[in-house]
Each structure stands twice: as C-alpha cells, then as structure tokens.
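Coordinate analysis (summary)
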Amino acid sequence: MSTIEGNIERIRAEMGRAALEAGRSPDEITLLAASKGRSPREIRAACAAGVRSFGENFAQEALPKMEALADLDLQWHFIGAIQSNKTRAIAAHFQWVHTVDRLRIAQRLARQCPAGRRLNVCLQINLDAEATKAGIAPDEALELGCNVAALAPLRLRGLMAIPAPRTSYGEQCAVFARLKELFDRLGERIETPDFDTLSMGMSDDFSAAIHEGATIVRIGTAIFGPRASVPRGT
Ligand SMILES: *Cc1c(COP(=O)(O)O)cnc(C)c1O
C-alpha cells in the first residue's frame, strides 16, 4: 500500500469516528483532497484509495492536471482565490467553486458557465475578520446569498471557511459552530432548493469540523505529506 493510500485509510477511520461521536452518518461527509502542488501521479494514488473529489487553488496549475487525468471520473473543486481573468476557465472546467465572496465574481461565473451546465458554489465566509484573508463578513452573507441564488447557472450549495488556526479542539469546535449557525440561519432565509453543504475542516481540524456539521472536509497535508512551496489557503 502506498503512503497516500495508508494516509487516506487513517483519515477515513478518523472521519468515521468523528461522525459517529456526533451522531452523524459518515456517508454525509465527503473527503476532498486538496491537491495544489501535487502531481497527477499523487492524485492517481488518492483516486486508487477511493477519493473522487479534488480541490485546486490555481486554474493554470489545475487545467493540465485535469487533462492528464481525463481518463478518471473525478470531480474538481476550485478552492483558491478567484481572479476575475480566471473565471472563464474556472466555470468551464470545475464542477464546484468554494470561494465566491463577491457578487461581481458570481455574475462572471454565471455568464461564462457553458450552456446547459450548472456550477455548484459556496460562499466563502471570513469568520475571524482577518483583513488579509478572502471571504465575506458573516453579516453580509445573507444579501450575497440571495443575489447568488438568483443567478440561474449557479447552484448555491452552502458555505465555506478557512478559520485562523486554533490551539485546542474546543476552540476549533467553537469557530466551526459559528459557521454552522450562520449556515442554518441562511438556509431558512435564502430561496434555494439545495443549500446542503458546509465546506470546513482541513488536516489539523477536520475532526472538530465534522463534529460541528461539516459535509465536505478539504485535506491536503494529511493525505499527501508536507507541501514544498505552495502557500496554504487564501
Ligand atoms: C491547501 C488547502 C487546504 C488543505 O490544507 P491542509 O492543511 O494541507 O490540509 C484546504 N483548503 C484550502 C482552501 C486550501 O487552500
């Protein structure tokens, strides 16, 4: 068994444990492999271990990898900062975008989405009001959500966040609980049929995220090992 397969097996076991502890079914939770900086060969190894969802941060890096892996049935998620000159490539090649935080970007994605296709999107929430980080403030999410939900080619699925690292499990749970609370509140108020996704939790905090209701965890390092040079998150 490769290191990557072994890592995925351990992560799945921990995901199952965290789900059961929270009274949830492990089937509700998707393991998304954050594959920025990873080669097609590493992605194949993760696929062989049963992972089908992959997250990329840069369109120009992702497109050649998608082409090299076109023989596999993979689902591609864009999880990086969205530059407006990349929206066309993102809308054409990804099935999901987790990092929508401006209406203008959502409008471009909707306009450039190929005919007959729909793009699943999550709003990125800046939970810690970090000036340097992407994401919309929690109190602006309702308005953005209503506007995004009205853009037909987009399918508004839920919320995503990258909270600042916490030092304890309890603090990790507390910050994820805030995203879950916002998610529940918006779900009641936004007119959209499938608001069902909470994208939260990474290598160091996915157990807490699952405890608080994550439906997608985005994991890089714990699957593939330490990253060489690509920055973490956005
Ligand atoms: C890289 C990345 C991850 C994975 O981070 P790890 O700590 O390596 O698990 C998750 N989400 C986003 C948005 C990322 O950019």
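Please refer to the structure placed before this passage.
These lines cover the structure that appears in this document, whether it is placed above or below. All of these numbers come straight from a predicted model, not from anything done at the bench.

What the protein contains, in helices and strands, is nine helices and eight strands. Computed over the C-alpha atoms, the radius of gyration of the protein is 17 Å, within 12% of the 17 Å expected from 2.2 N^0.38 for a compact globule of 234 residues. Long-range pairs, those at least 24 residues apart, make up 60% of the contacts in the protein with a sequence separation of at least 6. Of the roughly 10600 Å² of accessible surface on the protein, a fraction of 50% belongs to carbon and sulfur atoms. Charge centroids of the protein, computed over 29 positive and 28 negative side chains, lie 6 Å from each other.

Once that is clear, we can look at the site of the ligand. Around the ligand, 15 residues are found, and the nearest of them are Lys36, Asn57, Ser203, Gly220 and Thr221. Taking Lys36, its side chain carries an N or O atom lying 2.8 Å from an oxygen atom of the ligand. Between the ligand and Arg218 there is a distance of 2.9 Å, counted from a nitrogen atom to a side-chain nitrogen or oxygen. Calculation on the ligand without its partners gives an accessible area of 390 Å², and the protein chains cover 99% of this total. Taken together, the residues of the shell around the ligand break down into six nonpolar, five polar and four charged.

This brings us to the layout of surface pockets. Sizing a probe to match a water molecule and rolling it over the atoms shows the empty space that remains. Of the voids in this model, the largest pocket is the one considered here, and its volume is about 160 Å³. Along the walls of the largest pocket sit Arg12, Met15, Gly16, Ala19, Pro26, Ile29, Thr30, Leu31, Gly50, Val51, Arg52 and Ser53, which together make up its complete lining. At the level of secondary structure, the elements contributing two or more residues to the lining of the largest pocket comprise α1 (3-21) and β1 (30-34). Considering each element in turn, the lining of the largest pocket owes the most residues, four residues, to α1. Its residues placed into classes, the lining of the largest pocket shows six nonpolar, four polar and two charged.

It is worth spelling out the packing of aromatic side chains at this point. Both the distance between ring centres and the angle between the ring planes are used here to describe each pair of aromatic rings. Under the defined criterion, the tally for this structure stands at three aromatic pairs. Centroid distance Phe78 to Phe94: 5.3 Å. Interplanar angle 85°. Geometry classified as edge-to-face. One end of the pair, Phe78, is in strand β3 (residues 75-78); the other, Phe94, is in the loop between α4 (87-93) and β4 (96-100), with 16 residues separating them in the sequence. The buried category is assigned to Phe78, whose relative accessible area is 2%. Aromatic side chains Phe183 and Phe195 sit 5.0 Å apart centroid to centroid with 15° between the ring planes, which places their arrangement in the stacked category. Taken together, the residues span a long stretch of sequence, with Phe183 in helix α7 (residues 169-189) and Phe195 in the loop between α7 and β7 (197-199) at a distance of twelve residues.

At a minimum axis separation of 8 Å, α1 and helix α2 (residues 40-48) run at an interaxial angle of 45°. Compared by their axis directions, α1 and α2 come out oblique. In this structure, the crossing between α1 and α2 has a hand that is right-handed. For the pair α1 and α2, contact is made by Ile4, Glu5 and Ile8 and by Glu42, Ala45 and Ala46, respectively. In terms of residue class, the contact of α1 with α2 is made up of four nonpolar, no polar and two charged.

Rules behind the numbers
- Residues numbered from 1 in each chain as written.
- Predicted model: local features only at pLDDT ≥ 70, side-chain atom pairs only at ≥ 80, totals over all residues.
- Heavy atoms only, no water.
- Helix = DSSP H or I, 4+ residues; strand = E, 2+ residues; numbered from the N terminus.
- Rg over C-alpha atoms; globule rule 2.2 N^0.38 Å.
- Contact = heavy atoms within 4.5 Å.
- Areas by Shrake-Rupley, 256 points an atom, 1.4 Å probe, with all protein chains shown as cover.
- Lys, Arg positive; Asp, Glu negative; His and termini not counted.
- Charge placed at Lys NZ, Arg CZ, Asp CG, Glu CD.
- Near = heavy atom within 4 Å.
- Polar contact = N/O pair within 3.5 Å; in protein donor to acceptor, adjacent residues only side chain to side chain.
- Nonpolar A, V, L, I, M, F, W, Y, C, P; charged D, E, K, R; others polar.
- 1 Å grid on protein atoms, 1.4 Å probe; cavity = no way out; pocket = protein on both sides within 12 Å on 5 of 7 lines; lining within 4 Å.
- Points joined across faces, edges and corners; volume = space filled by probe spheres on them.
- Phe/Tyr/Trp six-rings, centres within 6.5 Å; stacked < 30°, edge-to-face > 60°.
- Buried < 20%, exposed > 50% of the residue type's maximum accessible area, 1.4 Å probe, protein only.
- Axes fitted to C-alpha atoms, helices over the stretch in contact; angles between N-to-C directions.
- Parallel < 35°, antiparallel > 145°, perpendicular 65-115°, else oblique.
- Left-handed = near helix turned anticlockwise from the far one by under 90°.

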